[in-house]
Amino acid sequence: MKDVLVVGGRGFIGTHISRYYSAMGYNVLRLERGQNLRVDNVIYSDYQDANWLKGQLRLLNNPIVFHMAAYIPPREKITERCVFEENKKIIDFFCHTFRDLTPKKVVYFSSIAVYGYGYRSLDWVNENSEIYIQDAYAEGKVYGEEKIRAMFSNSYILRLSSPFGVGRRNTGILERIVASAQQNQNICLHGRGNRTQDFIYINDICQSTDKLLASAQFGVYNLASGFPCTMKQLAEMVIDIFSSKSLIAFRVLPETDFVTVSNQKLRNTTGFCFMDIKEGLNHYKNALAVRGSE
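Residues numbered from 1 in each chain as written. Predicted model: local features only at pLDDT ≥ 70, side-chain atom pairs only at ≥ 80, totals over all residues. Heavy atoms only, no water.

A. Quick look at the sheet that holds strand β3 (residues 37-39). The strand order β3-β4-β2-β1-β5-β6-β8-β13 describes an open sheet built from 8 strands, whose pairing is mixed. Edge strands, defined here as strands with exactly one partner in the open sheet, are β3 and β13 (219-223). Going across the sheet, the axis of each strand differs from the next one's by a mean of 20°, ignoring polarity. Bridge count for strand β8 (residues 155-160) against β13 is 5 bridges, and the pairing is parallel. Opposite Arg 159, over in β13, you have Asn 222 as the bridge partner. (Pairing = 2+ DSSP bridges. Helix = DSSP H or I, 4+ residues; strand = E, 2+ residues; numbered from the N terminus. Axes fitted to C-alpha atoms, helices over the stretch in contact; angles between N-to-C directions.)

B. Highlighting the environment of Val 42. Examined against the element boundaries, Val 42 turns out to sit in strand β4 (residues 42-45). Along the chain, Val 42 and Leu 31 lie 11 residues apart, while their C-alpha atoms are 6.0 Å from each other. With residues up to four places along the chain from it excluded, the contact list for Val 42 reads Leu 29, Arg 30, Glu 32 and Leu 37. (Contact = heavy atoms within 4.5 Å.)

C. Examining the packing of helix α3 (residues 81-98) against helix α4 (residues 136-151) more closely. With their axes 8 Å apart at the nearest point, α3 and α4 run at an angle of 15° to one another. By the criterion of interaxial angle, the relationship of α3 to α4 is roughly parallel. Handedness of the crossing formed by α3 with α4: right-handed. Contact with α3, carried on its side by Arg 81, Val 83, Phe 84, Asn 87, Lys 88, Ile 91, Asp 92, Phe 94 and Cys 95, involves Ala 136, Tyr 137, Glu 139, Gly 140, Tyr 143, Gly 144, Lys 147, Ile 148 and Met 151 of α4 and no other residues of that element. Taken together, the residues that form the contact of α3 with α4 break down as 10 nonpolar, 3 polar and 5 charged. (Parallel < 35°, antiparallel > 145°, perpendicular 65-115°, else oblique. Left-handed = near helix turned anticlockwise from the far one by under 90°. Nonpolar A, V, L, I, M, F, W, Y, C, P; charged D, E, K, R; others polar.)

D. Seen up close, the side chain of Glu 86. As for its position among the elements, Glu 86 is in helix α3. A polar atom in the side chain of Glu 86 sits 2.8 Å from the side chain of Arg 33. Leave out the neighbours within four places in its chain, and Glu 86 touches Arg 33 and Tyr 71. (Polar contact = N/O pair within 3.5 Å; in protein donor to acceptor, adjacent residues only side chain to side chain.)

E. Representation of the environment of Met 68 within the structure. Looking at where Met 68 falls in the secondary structure, it is placed in the loop between β5 (64-67) and α3. For Met 68 and Phe 152, which are 84 residues apart along the polypeptide, the C-alpha to C-alpha distance reads 16 Å.

F. Representation of the pattern of salt bridges. By the definition in use, this model includes 13 salt bridges. The salt bridge partner of Arg 33 is Glu 86, with a shortest N-O separation of 2.8 Å. Within this pair, whereas Arg 33 is found in strand β2 (residues 27-33), its partner Glu 86 is found in helix α3, the two being separated by 53 residues in sequence. The class for Arg 33 is partly exposed, based on a relative accessible area of 38%. Here Glu 85 makes a salt bridge to Arg 81, at a shortest N to O gap of 3.8 Å. Here Arg 81 and Glu 85 lie together in helix α3, a separation of 4 residues that amounts to about one turn. Each of Arg 10, Arg 30 and Glu 32 takes part in one network of salt bridges that share partners. (Salt bridge = Lys/Arg side-chain N within 4 Å of Asp/Glu carboxyl O. Buried < 20%, exposed > 50% of the residue type's maximum accessible area, 1.4 Å probe, protein only.)

G. Representation of the side chain of Glu 32. Along the chain, Glu 32 turns up in strand β2. Residue classification places Glu 32 among the buried residues on the basis of a relative accessible area of 4%. One polar contact links Glu 32 to Arg 30, side chain to side chain, over a distance of 2.4 Å. Once you skip the residues sitting within four places of it in the chain, Glu 32 turns out to touch Gly 9, Arg 10, Val 42, Ile 43, Tyr 44, Ser 45 and Tyr 47.

Now the structure itself:
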């Protein structure tokens, strides 16, 4: 049985990755932050005692390692220096601990924040686009990318764009629009709702990453759907899919930056066909219904 280690297994993506590979028959071990303790296939680590953690991992046989552990601060604290320092500590501990683990492959989840997401428009950014660090969170991601690539030649760096799906705790514009639609409340958009964003559904994250692992073409990849949509289009689709009575209202406020992300490199490598936002929203609606019936 193949071993998979998910670092940050309690988070949104970590939870789904763990379920995905468990369903495929892998031996999945989740690493989460807490007091040093192991409960079945979950290891809680204080991210300080490397020797204790190495002891817990000693029986793993060349595992595939997914690293998505990170400190994600509230938006108002994203520029604070402690955000970088905390994420640097997480990466340093990971690299120190797993240096002798000889992982088969390492997947590090980064972010399009490294391109300046949230501070400027992104016009079909690709993996060779300029790195544009404007806050401590993005700085931490760049540090993580560089350290992982330097230490593990068999690594994939995935720059993720706006994920969505059931279980996401850090809600964004998509989740807020869906919540308003479910309650038949007006959906308020800035300007005329023309700002674009690239949303990627969680199932595509799991499946495309698995396809990528089948290749030995290590390096940096944008992980995005490649189907940007405007906020107005998003709101209209949500109203239709959720059979909502919500109306769209526009605020006389400036629209934030436009975002389009190229996933051409990933598609060329894997041949994977990403679902567009409408298909993703239909899957999301069905998943919400299943969770609501449980």
